[in-house]
Amino acid sequence: MNALLKDIRDTPLLWLLAFVPIVFVAASLKPEAQTLLFVLSVLAIVPLTVLLSHATESVAAKIGDALGGLLNATLGNLAELIIALAALRAGQYMLVKASIAGPIVTNTLFILGASFFLGGLKHHEQQFNHVSARMQASLLFLATVALLIPSAISQADDVGQAFTHKLSLGLAILLFVTYGLSMWFSLKTHSELFVSASHAEEGEEPWPIGLAVATLLGVTVLVALVSEIFVESVQKAAAAFGMTPAFVGFIVVALVGGASAMPTAFSGARKNRLDLSVSIALGSASQIALFVAPVLVFLSYFIGPAPMDLQFWPGAVVMILIATLTASLVTNSGRSAWFVGVLLLMVYLIFATTLYMLPPQSQ
Amino acid sequence: MNALLKDIRDTPLLWLLAFVPIVFVAASLKPEAQTLLFVLSVLAIVPLTVLLSHATESVAAKIGDALGGLLNATLGNLAELIIALAALRAGQYMLVKASIAGPIVTNTLFILGASFFLGGLKHHEQQFNHVSARMQASLLFLATVALLIPSAISQADDVGQAFTHKLSLGLAILLFVTYGLSMWFSLKTHSELFVSASHAEEGEEPWPIGLAVATLLGVTVLVALVSEIFVESVQKAAAAFGMTPAFVGFIVVALVGGASAMPTAFSGARKNRLDLSVSIALGSASQIALFVAPVLVFLSYFIGPAPMDLQFWPGAVVMILIATLTASLVTNSGRSAWFVGVLLLMVYLIFATTLYMLPPQSQ
Amino acid sequence: MNALLKDIRDTPLLWLLAFVPIVFVAASLKPEAQTLLFVLSVLAIVPLTVLLSHATESVAAKIGDALGGLLNATLGNLAELIIALAALRAGQYMLVKASIAGPIVTNTLFILGASFFLGGLKHHEQQFNHVSARMQASLLFLATVALLIPSAISQADDVGQAFTHKLSLGLAILLFVTYGLSMWFSLKTHSELFVSASHAEEGEEPWPIGLAVATLLGVTVLVALVSEIFVESVQKAAAAFGMTPAFVGFIVVALVGGASAMPTAFSGARKNRLDLSVSIALGSASQIALFVAPVLVFLSYFIGPAPMDLQFWPGAVVMILIATLTASLVTNSGRSAWFVGVLLLMVYLIFATTLYMLPPQSQ
């Protein structure tokens, strides 16, 4: 318990945990104040995701390399998964799909771009292991292609909904099998190619296993509860702020869900350990495509009002393809400078601007 | 003749030659048993294509490097060409186009992917000459772009059929000129960049020239005759098996036509000679785009019921572009491991699944 | 003045300056002879753009590295900008947009391809600095993606014109900011990655500053005046030659505007200084996307009959994306041979053929 309190004291971001009780109190006292609830739930989710990733890493560190790596990789995007599940239960499929597409774009453009930029401000030119970066970028590209092909092909044709559902289920199975094989590859047969993000923060002691497991379970429940409030309030709050649903799903949800990965990625870049930043950004994006997406399709048959397909909005297809292609090209050389980061961030900003301005009915 | 018999005895795949007489007997006795004829014709074509490539290589080995290389490269996709010609004569343009698009996708995803996978199961990490691989991947990318641009541009616009035919003929001429120049490049000025697939099987004696030429001519006639039966039976058989025409054209025909290249590509990968596998896969795909496609357009003016254009089904355009782009990215690093093969195969499987499920009317 | 006369005597291309007075005389005597005026104005613009780039380089050489580099980079596409402005004033937005899209395609396919081809005819294999080439190709890819994303997204949806205008203005601001940062990057913090095109022609003495500034101003006025005649005559002349407006905008205008860069790029390739050729081709294309395009949007609010958006014709989007992707893939290896040039030129030729044949109403 001391370890947990020490962590909270030392990490300013965790002070936001104060908003967790506040959001529950507010939700019961003023359930109609959607905009307030939205802001409070965002402020509460961010520290919870940080706690979640600390707890996951501590458990992973205790139970050994291979199994721990699997746990770490699987729960690395737990926050995104829980938020998407809340949206799935509420039947908001547009938001669910945006919470698949958004993190892929956010990881490959924003987190990677900001890492290159922040690292580049401190170091004239940064090098990273281009062999493993290329391998990971290839995996990411193929993973997203696998995710998007049905949308691309179906857009070209006028196909029925029954076909789309059957195809989506089939593809979800293929993606999930690929995920299993990718775990075998990255943890077992070729682990030397992948930088372990869990051992990143040196000098940080892992929590005792009991505390870690308890935190993991407790925080998961808290994230789930806050996510309910978040998903309920997000659409009305978005309208109040003048944001389109596409902007909220793609940008806001993705930034909130990805907040916990940012400190490690950015501080890695500042310490000239770009391998770590690239690994986090590309690995997380691959995982969304290969693990989170198929799991959501499977679960939609049980907890959603209707099965969900993997048919994406055409604009999302374009953005994801360009984001992953960009990541492939940019990581290809194994070198980076601040302006490469600027350009990635600029593409992200252009996506965000377009989504922000897009007339709501067209999404 | 002894050489031919020895080859047949030593190559189990050639035992399938027994199906060649069987398919002719079946076609005259039971012309209405389309499904049976389809299966028999597939079983007969596969060993014939193997024989065809043995004969081509033997002739090529006898007549010297440059001319032999030209012959080898030109007749390397003879089986695909003959099948497509049978479809052309029957006026089945959808099948003709699928037999252009299908082998490009099959070579770059299935043959390359299976080579990486099979090689990776035996070797932890495989390296190949990335200079020549990049050069070949660039050629392939540009060749397929050249093939696809008219489809991409025409899809964006509503253009007439007269325009499409005129443009297709013009482009076929450009593609054919490019093919001639690529032969000059790969056989004459820069032959050191290309691994000669014909000298691959060491210890295998080339046949005497007389036998080789006789086999080449005889087998070509046999392939043509069996292809007629294959093309006639394929649509009805496909329906019986529950396959869509797109699946048959893209996947079945391409796998049958490419069967002869697979043993060399796969055994090359197992022997850690990935350069050979990459060369076969990418070279064959380029050749389809630059040689087979324009020749089919030219011949459609003489033997088809109407001229054929190079307008592809939108889904095919997406698949070809992604397949060649993937090949470019994946061969870029000059390294491979088993999971890269899995991912290529997975994308192929996703294409196949999508085509298999696609409602027939939408193609 | 002697320096100017000496330059004219030594550069055969500058003898075409004789057409400058001729075109003005012809325009006042025979204003209805559109085809003649078109040919004369093309012949007059080409030497003027050469003079413009000599003058710019001389001024740049005098005022020091950083400021001179900025001037050189900014005025490097002055000719394209002036021609586009003439089209903007005449309200010919199709021509303005083609004069943004055309030079990107022309630089990445024609100038780069011809450099590789001409250099490859003399040298068996050419190497260039792939670190800076990759960096520049990444910048170009991201710059054009930034330019095209709104078109790609809007095509997927049915969005209103008000949205398109607002979005285009927002993006023009983002592009312009990016341009400013790219100048800071390439001239100040990371100038070692970029080959300075201005110091390319060794042994060529820069003009005295007075002459250079006077020439710069005078020639700019002349280019502007001739461009008026060019833009006025181009559509009717195109019809007379049987060219479509798309062909004129994409191909003719881009070749005329880019003529001044070609001698340096091509002679660089012949002298085995491919770095210079790559730098000119990719740098110029980036500049069009990041500088010329947003400036034209800004100026359309002041000098055009109506504001201009950045919505491109779908075919142009496809061509630009493929051109820049091709440039990325081709420059990636840092090696080149003549056939790589042939393939780039062939893709250019295929674009040109398609545009030439395209029915006019479909653009």
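Each remark here, short or long, concerns the structure printed above.
**A look at the overall build of chain A**
Per the secondary structure count, chain A includes 14 helices and two strands. A compact globule built from 363 residues would reach a C-alpha radius of gyration of about 21 Å, and chain A, at 20 Å, matches this within 12%. Overall, chain A is about 50 × 50 × 35 Å in size when its C-alpha atoms are taken along their principal axes. Buried residues in chain A amount to 61% of all 363 residues. The long-range share in chain A, meaning contacts at least 24 apart out of those at least 6 apart in sequence, stands at 86%. When the accessible area of chain A is evaluated, it comes to approximately 12700 Å², of which 67% is carbon and sulfur surface. If you average the places of the 15 positive and of the 18 negative side-chain charges in chain A, the two averages end up 3 Å apart.

**Notes on the packing of helix 2 (residues 19-29) of chain B against helix 9 (residues 209-241) of chain B**
When two helices pack together, their arrangement is given by the angle between the helix axes and by the axis-to-axis distance. Residues and elements named next belong to chain B. Where helix 2 meets helix 9, the axes come as close as 11 Å, and the angle between the chain directions of the two elements is 45°. When the interaxial angle is binned, helix 2 and helix 9 end up oblique. Both helix 2 and helix 9 take part in a crossing whose hand is left-handed. Two secondary-structure elements touch here, helix 2 through Val 20, Val 23, Phe 24 and Ala 27 and helix 9 through Leu 222, Leu 225, Val 226 and Ile 229. The residue makeup of the contact of helix 2 with helix 9, split by class, is eight nonpolar, no polar and no charged.

**Observations concerning the packing of aromatic side chains**
All names here are of chain C. Tallied over the full model, the rule gives 39 aromatic pairs over all chains. Measuring from ring centre to ring centre gives 5.4 Å for Phe 110 and Tyr 348, while their planes differ by 40°; the resulting arrangement is tilted. Taken together, the residues span a long stretch of sequence, with Phe 110 in helix 6 (residues 93-122) and Tyr 348 in helix 14 (residues 338-357) at a distance of 238 residues. With relative accessibility at 21%, the residue Phe 110 sits in the partly exposed group. Tyr 348 gets classed as buried once you look at its relative accessible area, which sits at 6%. Note on Phe 247 and Tyr 356: the rings are 5.1 Å apart at their centroids and 85° apart in plane angle, and the pair reads as edge-to-face.

**Here's the deal with empty space enclosed by the protein**
Scanning the model with the defined rule gives ten cavities of 30 Å³ or more in all. When its volume is computed, the largest cavity comes out at roughly 120 Å³. Taken together, Leu 329, Val 330, Asn 332, Ser 333, Arg 335 and Val 340 of chain A together with Arg 134, Met 135, Ala 137, Ser 138, Ser 328 and Asn 332 of chain C make up the lining of the largest cavity. Going through the elements one at a time, helix 13 (314-331) of chain A together with helix 7 (130-156) of chain C are the ones with two or more residues in the lining of the largest cavity. At four residues, helix 7 of chain C tops the list of elements feeding residues into the lining of the largest cavity. Residues that form the lining of the largest cavity fall into these classes: five nonpolar, five polar and two charged.

**Regarding the relation of the copies chain C and chain A**
If you rotate chain C by 120° and push it 0.0 Å along the axis, it lands on chain A with an RMSD of 0.0 Å. Taken together, the rotation and translation relating the two chain copies correspond to the operation of a three-fold axis. A low fraction, 9%, of the interface residues of chain C reappear at the interface in chain A, so the copies pair through non-equivalent surfaces.

**Focus on the interface of chain A and chain B**
The partner chain B presents 33 residues to the 33 residues of chain A that form the contact. Between chain A and chain B, a total of about 3200 Å² is buried, with carbon and sulfur atoms accounting for 81% of that surface. The interface formed by chain A and chain B contains zero salt bridges. Where chain A touches chain B, the interface holds two residue pairs in polar contact (both at pLDDT 80 or more). Of all elements in the fold, only helix 7 (130-156), helix 8 (161-189) and helix 13 of chain A reach the threshold of two or more residues within the side of chain A that touches chain B.

**As for the interface of chain C and chain A**
Each side of the interface is counted separately: chain C has 33 residues, and chain A has 33 residues. Around 3200 Å² of area is buried between chain C and chain A when both sides are counted, 81% of it from carbon and sulfur atoms. Here chain C is connected to chain A by zero salt bridges. Applying the counting rule to chain C against chain A returns two residue pairs in polar contact (both at pLDDT 80 or more). Only helix 7, helix 8 (161-189) and helix 13 (314-331) of chain C provide two or more residues apiece to the side of chain C that touches chain A. The element best represented in the side of chain C that touches chain A is helix 7 of chain C, accounting for 13 residues. Taken together, the residues of the side of chain C that touches chain A sort by class into 21 nonpolar, seven polar and five charged.

Conventions and cut-offs
Residues numbered from 1 in each chain as written. Chains lettered and ligands numbered in written order. Predicted model: local features only at pLDDT ≥ 70, side-chain atom pairs only at ≥ 80, totals over all residues. Heavy atoms only, no water. Helix = DSSP H or I, 4+ residues; strand = E, 2+ residues; numbered from the N terminus. Rg over C-alpha atoms; globule rule 2.2 N^0.38 Å. Buried < 20%, exposed > 50% of the residue type's maximum accessible area, 1.4 Å probe, protein only. Contact = heavy atoms within 4.5 Å. Areas by Shrake-Rupley, 256 points an atom, 1.4 Å probe, with all protein chains shown as cover. Lys, Arg positive; Asp, Glu negative; His and termini not counted. Charge placed at Lys NZ, Arg CZ, Asp CG, Glu CD. Axes fitted to C-alpha atoms, helices over the stretch in contact; angles between N-to-C directions. Parallel < 35°, antiparallel > 145°, perpendicular 65-115°, else oblique. Left-handed = near helix turned anticlockwise from the far one by under 90°. Nonpolar A, V, L, I, M, F, W, Y, C, P; charged D, E, K, R; others polar. Phe/Tyr/Trp six-rings, centres within 6.5 Å; stacked < 30°, edge-to-face > 60°. 1 Å grid on protein atoms, 1.4 Å probe; cavity = no way out; pocket = protein on both sides within 12 Å on 5 of 7 lines; lining within 4 Å. Points joined across faces, edges and corners; volume = space filled by probe spheres on them. Least-squares fit on C-alpha atoms with pLDDT ≥ 70 in both. Buried area = accessible area lost by both parts, 1.4 Å probe. Salt bridge = Lys/Arg side-chain N within 4 Å of Asp/Glu carboxyl O. Polar contact = N/O pair within 3.5 Å; in protein donor to acceptor, adjacent residues only side chain to side chain.

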